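Inside the fold
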Amino acid sequence: MPDYLAVDLGAESGRVLRGALRDDLLTVTEVHRFVNRPVALPEGLHWDALALFADLSDGIAAAVAGGSEPVAGVGIDAWGNDFGLLDRAGHLIGNPWHYRDRRTTRSTAVVAARVGAQALYRTTGTPPLPINTASQLVAMEGSPQLDVAERLAMLPDLFGYWLTGDLATEQTIASTSQLLDVTSRTWATGVIDRLGIPRRLFAGGVVPAGTKVGPLLAHPSVPLWTVAGHDTAAAVAAVPATGDGFGYISSGTWSLVGLEIDAPVLTDEARLAGFSNEAGVDGTIRFLRNGTGLWLLQRCRAAWGDPPYADLVDEAAAAPGFRSLVDPDDPAFVAPRDMPARLAAACRASGQPTPQGRGAVVRCVLDSLACKHRWTLERAEALAGRRVDTVHVVGGGAANPLLCQLTADLTGRPVLAGPVEATAVGNLLVQARADGRLGTLRDLRAVVARSLPPRRFEPAGGARHDDAYARFLALLDAGETI
């Protein structure tokens, strides 16, 4: 039986994985892993799109040549918001900007002023954020690049275009742009016009996950499928849930905490709380809040010379809990430089003990993330009018037992952790379903539960956790950040 390949691009690294579906069980094998290195130029921070394409192409070639079974498809997922611009000949105009570049600092206010914050949210379901595609395009206003650009390609669609020669824009990745109508799932041309963005960039419309794009130029027998192109959408599709009463945390560089619902929540309360309504597989809505996640730990690890994550988690488990807490979304933590010093400064500024040693610093990060997980989950429940009985943690954070246990303790709900490679798993199974080998989204999730059963963490809450959470709420109130 044929296999499928997932190209999964993350902020730290990219991977090409091979998925084999046999007897309703999925096995996943990593074929190729490569580093994703942003490039700081004098004018700002960029992604090295050419290096990423060379690496993913090498991975696909190795997988096609090295497997015992034929390859029936390739799918690409990546982070949201960022994009490439193509000229009239289809050539890339410069390396894509990095969402952490600070050129968009003032753009969110411009976006909100031109459209109106309420009207914008009612149409796109997305609150203004500096990382949004809309904010990035407004920041480029008057630039030579924008003047000559003919098409915009979200990153997974850009790489798919280079692989096949065909450009298809997939719904879930488009929904991160703040330029897609969340109800019709078509480009929000009224918003685009009011922002002064050239409408020609969005010719061609959008297509759902599971659309066949075309054969690979280098491997004509292998088709490219649109999958859930946004990595979080792919990860949510792979949540091994058996019912509807679940919340999820897609835990990686970002912590995306939310619910899967049938219709968007477009209230002012949801907008002011920073929740997005993003497209999911099969017409679902990912009602979520995008918060800082393991970025804090990643940057601490880099400052310490990249010791193994397992060692850092062990040291944190041995450190006293809840001595010092921070708001992970504090703007002070956006820049990548010297994160341990930034965390220490935040603790001093709020009158808390300064973490001493790696274990204490990591414990501060994980305690704070677990508190923010509770804060976000409870607000999602209140805004959507739905009670969560189980929390699924997928992505890299699912491999962190201390973070999973703390999240269970703080939220008071069982946590089911895994799969770690949820994004790639969702990518592979969406392809298999598009190829006629699976039925509903529920069937897809049943395959995940059978193939990669999650690890369960029972809550062991109590006064200690409630007291810590009360301190965390007071910290948020004092800092006025959410």
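Residues numbered from 1 in each chain as written. Predicted model: local features only at pLDDT ≥ 70, side-chain atom pairs only at ≥ 80, totals over all residues. Heavy atoms only, no water.

Under an unreviewed UniProt entry, the protein chain has the name Rhamnulokinase and belongs to Dactylosporangium aurantiacum. The record held by UniProt for the protein chain lists under Sequence similarities (unreviewed entry) the comment "Belongs to the FGGY kinase family." (UniProt positions renumbered as here; feature names shortened; annotations may be inferred.)

**Overview of empty space enclosed by the protein**
Overall, the coordinates contain 3 cavities of 30 Å³ or more when judged by the stated rule. Space inside the largest cavity adds up to approximately 110 Å³. Taken together, 14 residues form the lining of the largest cavity, with Pro 156, Asp 157, Leu 224, Trp 225 and Thr 226 sitting closest to its centre. Among the elements of the structure, helix H6 (155-164) and strand E10 (223-225) are those that each provide at least two residues to the lining of the largest cavity. In the lining of the largest cavity, the residues fall into 8 nonpolar, 3 polar and 3 charged. In this structure, the second largest cavity encloses a volume near 60 Å³. Lining of the second largest cavity is provided by Ser 255, Val 257, Arg 289, Gly 291, Thr 292, Leu 369, Lys 372, His 373 and Thr 376. Contributions of two or more residues to the lining of the second largest cavity are made by strand E12 (254-261), strand E14 (285-292) and helix H14 (358-384). (1 Å grid on protein atoms, 1.4 Å probe; cavity = no way out; pocket = protein on both sides within 12 Å on 5 of 7 lines; lining within 4 Å. Points joined across faces, edges and corners; volume = space filled by probe spheres on them. Helix = DSSP H or I, 4+ residues; strand = E, 2+ residues; numbered from the N terminus. Nonpolar A, V, L, I, M, F, W, Y, C, P; charged D, E, K, R; others polar.)

**Let's talk about the UniProt feature "domain: Carbohydrate kinase FGGY C-terminal" (unreviewed entry) in the protein chain**
Under the feature "domain: Carbohydrate kinase FGGY C-terminal" (unreviewed entry), the UniProt entry names residues 248-434. Helix makes up 46% of residues 248-434 and strand 18%. Its end C-alpha atoms lie 24 Å apart.

**Quick notes on the environment of Leu 441**
Within the element layout of this structure, Leu 441 appears in helix H17 (residues 441-451). The exposure class of Leu 441 is buried, given its relative accessible area of 10%. Every residue in contact with Leu 441, bar those within four places of it in the chain, is listed here: Ala 237, Glu 260, Val 281, Asp 282 and Arg 433. (Buried < 20%, exposed > 50% of the residue type's maximum accessible area, 1.4 Å probe, protein only. Contact = heavy atoms within 4.5 Å.)

**Observations concerning the packing of aromatic side chains**
One pass over the structure, following the stated rule, counts 9 aromatic pairs. Their ring planes at 50° and their centres at 6.0 Å tell us that Trp 47 and Tyr 99 sit as a pair that is tilted. Residue Trp 47 is located in the loop between strand E5 (44-46) and helix H1 (49-66), and its partner Tyr 99 is located in the loop between strand E7 (83-86) and helix H2 (107-115); the two are separated by 52 residues in the primary sequence. The same class applies to Trp 47 as to Tyr 99, namely buried. Counting every residue linked through ring pairs, the aromatic cluster contains Trp 47, Trp 79, Tyr 99 and Trp 254. (Phe/Tyr/Trp six-rings, centres within 6.5 Å; stacked < 30°, edge-to-face > 60°.)

**Focus on the pattern of salt bridges**
In the structure shown here, the tally under the stated rule is 27 salt bridges. A salt bridge links Arg 200 to Glu 150; the nearest nitrogen and oxygen atoms lie 3.7 Å apart. Residue Arg 200 is located in the loop between helix H8 (189-194) and strand E9 (212-215), and its partner Glu 150 is located in the loop between helix H5 (144-148) and strand E8 (151-154); the two are separated by 50 residues in the primary sequence. Using a relative accessible area of 33% as the deciding quantity, one classes Arg 200 as partly exposed. (Salt bridge = Lys/Arg side-chain N within 4 Å of Asp/Glu carboxyl O.)

**Observations concerning unusual backbone geometry**
Backbone torsion omega between Gly 418 and Pro 419 reads 5°, so that peptide bond is classified as cis. Inspection of the secondary structure puts Pro 419 in the loop between strand E16 (415-417) and helix H16 (422-434). The phi torsion at Asn 81 lies on the positive side, around 80°, for a residue other than glycine. Position of Asn 81 among the secondary structure elements: in the loop between strand E6 (71-77) and E7. Residue classification places Asn 81 among the buried positions, given a relative accessible area of 10%. One non-glycine residue with positive phi stands out, namely Phe 322, at about 60°.

**Quick notes on the nonpolar core**
With 34 residues, the main nonpolar core has Leu 21 and Leu 429 as its most contacted residues. Elements with a contribution of two residues or more to this core: strand E1 (3-9), strand E2 (13-22), helix H9 (231-237), strand E11 (246-251), H16 and H17. No other element matches H16, which puts 7 residues into this core. (Core = buried A, V, L, I, M, F, W, Y, C linked by side-chain atoms within 4.5 Å.)

**Focus on the layout of surface pockets**
Space inside the largest pocket adds up to approximately 1,100 Å³. Every residue lining the largest pocket is counted, 46 residues in all, and those nearest its centre are Ser 251, Gly 252, Thr 253, Gln 298 and Gly 396. Broken down by class, the residue content of the lining of the largest pocket amounts to 17 nonpolar, 21 polar and 8 charged. Along the wall of the second largest pocket there are 29 residues; nearest its centre are Leu 129, Pro 130, Asp 329, Pro 331 and Val 334. Element by element, the count of residues in the lining of the second largest pocket is highest for E14, at 3 residues.

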